[in-house]
Amino acid sequence: MAKNSDLKTIEELSKKNKTPNYIFEGVKIHMGWAAGKAVTEKEYLFAVDKFLSEPSGSKTAKSKRAALLKSKKEKAVEITADNGGK
């Protein structure tokens, strides 16, 4: 288990490793990470490598994209319902 001192936010690790923003955002979606998530550098680099090496049309990528779209759709329905359907 990582010590707290080994943990850094994904934003800090992105900057340290000079990860382009489009890759960083893709990694966040791929891993299901929210802003401010703290991980070790080893975990971060593994996630970046996994994201870059997995084909975007793979079954895993498609299922994660489907889950993300479903989540966004559910949130949109909630917002619409909160606004009285407007």
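Scroll up to find the structure this text is about.
As the structure is a prediction and not an experimental result, all values here were calculated from the model.

Parameters and conventions
Residues numbered from 1 in each chain as written. Predicted model: local features only at pLDDT ≥ 70, side-chain atom pairs only at ≥ 80, totals over all residues. Heavy atoms only, no water. Helix = DSSP H or I, 4+ residues; strand = E, 2+ residues; numbered from the N terminus. Contact = heavy atoms within 4.5 Å. Areas by Shrake-Rupley, 256 points an atom, 1.4 Å probe, with all protein chains shown as cover. Expected span 1.5 Å × (residues − 1). Buried < 20%, exposed > 50% of the residue type's maximum accessible area, 1.4 Å probe, protein only. Arc of directions from axis to C-beta. Axes fitted to C-alpha atoms, helices over the stretch in contact; angles between N-to-C directions. Parallel < 35°, antiparallel > 145°, perpendicular 65-115°, else oblique. Nonpolar A, V, L, I, M, F, W, Y, C, P; charged D, E, K, R; others polar. Salt bridge = Lys/Arg side-chain N within 4 Å of Asp/Glu carboxyl O.

(A) Expanded view of the overall build of the protein chain. Each helix and strand counted, the protein chain has four helices and two strands in total. Beginning at the N terminus, the succession of helices and strands in the protein chain can be written as β-α-α-β-α-α. Taking all contacts inside the protein chain whose residues are at least 6 apart in sequence as the whole, residues at least 24 apart take part in 62%. Only carbon and sulfur atoms are counted for the fraction: they give 58% of the accessible area of the protein chain, which is about 6600 Å².

(B) Inspection of helix H3 (residues 41–53) at higher detail. Helix length check: H3, at 13 residues, gives a terminal C-alpha distance of 18 Å against a target of 18 Å (1.5 Å per residue), a fit within 8%. Of all the positions in H3, only Tyr44, Ala47 and Val48 are classed as buried. All buried residues of H3 project into a common sector of 100° when viewed along the axis, lining one side. Residues of H3 that are exposed and angled more than 90 degrees away from the buried face: Lys42, Phe46 and Ser53. Of the surrounding secondary structure, the elements contacted by the buried residues of H3 are helix H1 (10–16), helix H2 (21–31) and strand S2 (38–39).

(C) Spatial organisation of the packing of H2 against H3. As a packed pair, H2 and H3 sit with axes 9 Å apart at the nearest point and diverge in direction by 95°. As judged from the angle between their axes, H2 and H3 are roughly perpendicular. For the pair H2 and H3, contact is made by Ile23, Phe24, Gly26, Val27, His30 and Met31 and by Tyr44, Ala47, Val48, Lys50, Phe51 and Leu52, respectively. Across the contact of H2 with H3, the residue classes tally to nine nonpolar, two polar and one charged.

(D) View of H2. Residues of H2 that are buried include every one of Ile23, Phe24, Gly26, Val27, Lys28 and His30, and no others. Where H2 terminates, the next one or two residues include Gly32, which has phi positive at roughly 75°.

(E) Layout of the pattern of salt bridges. Overall, the coordinates contain two salt bridges when judged by the stated rule. Between Lys16 and Glu41 there is a salt bridge whose closest N-O contact spans 2.8 Å. In this pair, Lys16 is assigned in helix H1 and Glu41 in helix H3, connecting sequence segments 25 residues apart. On the basis of relative accessible area, Lys16 is assigned to the exposed category, the value being 56%. Owing to a relative accessible area of 24%, Glu41 belongs among the partly exposed residues under this scheme. Ionic pairing is found between Glu25 and Lys28, a salt bridge with its closest N-O pair at 3.5 Å. One end of the pair is Glu25 and the other is Lys28, both in helix H2 and three residues apart, which spans about a single turn.

Any functional reading would require information beyond the geometric quantities listed.
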